[in-house]
Amino acid sequence: IYENARLENPHISRGTVYRNLNFLAESGAIQKIVVPNGADHFDSTLETHYHFNCSVCGKMFDVPRNVTLEIHNAVEEMQKQGFSIEGHNLIFTGICPECRKKYNQALKDYLKANLDKLCKTCQERFEKNPLRILDCKVDKDNEILKNAPTTIEYLNDESKERFDKVKEYLDL
């Protein structure tokens, strides 16, 4: 949001943008989504819905409505039982299709040179779902996988910064 605002007004400060977003959220014009251990997101969709946050690129996606409806029904059932629900948030985390595709390709590029050395199951998984190769229990395959690319290598700048802070706190 800040980068887009700077296109319109190159002198606008980050503080001004986020103060105004918070004001709009407090007034009910937009929704503020607090992401644990991440940057807050703002959403113009005010009806109850849920989100998916990609742990690699940091993008936020809306969850399909049928999932939302099931959770909404569960909330209504709890209210019928006497619970007073004042609010709820649900954020799914994982890897979005775009980041998964990039990581899958990097993994396949790495494994291609050793494909003939992998067990038969891993060779089949290579085309269907290369991420499943990482679950292999065969010792010789695990040796090959030791130097495979990791998802950490595909973090966006914000996630890298957060990860580095965690490592710093843990003295790693």
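**A closer look at the pattern of salt bridges**
If you walk through the whole model with that rule in mind, you get seven salt bridges. For Glu 98, the salt bridge identified is with Lys 102, shortest N-O distance 3.7 Å. Of this pair, Glu 98 and Lys 102 both sit in helix H4 (residues 97-112), separated by four residues, roughly a single helical turn. For Lys 102, a relative accessible area of 48% gives the class partly exposed.

**Some remarks on the packing of aromatic side chains**
Going through the model one piece at a time under the given rule, you end up with two aromatic pairs. Ring centres of Tyr 18 and Phe 42 lie 6.2 Å apart, and the angle between their planes is 45°; this geometry places the pair in the tilted category. Of this pair, Tyr 18 sits in helix H2 (residues 14-27) while Phe 42 is found in strand S2 (residues 41-43), placing the two residues 24 residues apart along the sequence. For Phe 42, a relative accessible area of 17% translates into the label buried. For the ring pair Phe 52 and Phe 61, a centre distance of 6.3 Å and an interplane angle of 55° mean the geometry is tilted. Over the face of the ring belonging to Phe 126 we find Lys 108, whose NZ or CZ atom lies 5.2 Å from the ring centre.

**A short note on the confidence of the model for the protein chain**
Residues at a pLDDT of 70 or more form 97% of the protein chain, whose mean pLDDT is 84. Confidence scores differ between elements of the protein chain, with helix H7 (residues 157-169) showing the lowest mean pLDDT of 73 and helix H6 (residues 139-145) the highest of 92.

**Digging into the sheet that holds strand S4 (residues 60-62)**
The sheet built from three strands is open, its strands ordered S4-S3-S5 with mixed pairing. The open sheet has two free edges, formed respectively by S4 and strand S5 (91-94), since each of these has just one partner strand. Here the strands of the sheet are splayed against their neighbours by 25° on average, with no regard to which way each runs. Sheet topology note: the strand S3 (residues 51-54)/S5 ladder contains four bridges and is parallel. When the sheet's bridge partners are listed, His 51 is paired in S5 with Ile 91.

**Some details on the nonpolar core**
Ranked by size, the top nonpolar core spans twelve residues in total: Tyr 103, Leu 107, Leu 111, Leu 118, Cys 119, Cys 122, Phe 126, Ile 133, Cys 136, Ile 144, Leu 145 and Ala 148. For this core, the secondary structure elements donating two or more residues are H4, helix H5 (120-128) and H6. Element by element, the count of residues in this core is highest for H4, at three residues. When near neighbours in sequence (up to four residues on either side) are disregarded, Tyr 103 contacts Leu 131, Leu 134, Pro 149, Thr 150, Thr 151 and Tyr 154.

**Topic: a nonpolar patch on the surface**
Side chains of Val 166, Tyr 169 and Leu 170 sit close together on the surface and give an oily, nonpolar patch of about 350 Å² of accessible area. Of note, Val 166 is situated in helix H7. Val 166 gets classed as partly exposed once you look at its relative accessible area, which sits at 42%.

About the thresholds
- Residues numbered from 1 in each chain as written.
- Predicted model: local features only at pLDDT ≥ 70, side-chain atom pairs only at ≥ 80, totals over all residues.
- Heavy atoms only, no water.
- Salt bridge = Lys/Arg side-chain N within 4 Å of Asp/Glu carboxyl O.
- Helix = DSSP H or I, 4+ residues; strand = E, 2+ residues; numbered from the N terminus.
- Buried < 20%, exposed > 50% of the residue type's maximum accessible area, 1.4 Å probe, protein only.
- Phe/Tyr/Trp six-rings, centres within 6.5 Å; stacked < 30°, edge-to-face > 60°.
- Lys NZ or Arg CZ within 6 Å of the ring centre and 35° of its normal.
- pLDDT = per-residue confidence, 0-100.
- Pairing = 2+ DSSP bridges.
- Axes fitted to C-alpha atoms, helices over the stretch in contact; angles between N-to-C directions.
- Core = buried A, V, L, I, M, F, W, Y, C linked by side-chain atoms within 4.5 Å.
- Contact = heavy atoms within 4.5 Å.
- Patch = residues over 30% accessible without salt bridge, like charges linked within 9 Å, V, L, I, M, F, W, Y side chains within 5 Å.
- Areas by Shrake-Rupley, 256 points an atom, 1.4 Å probe, with all protein chains shown as cover.

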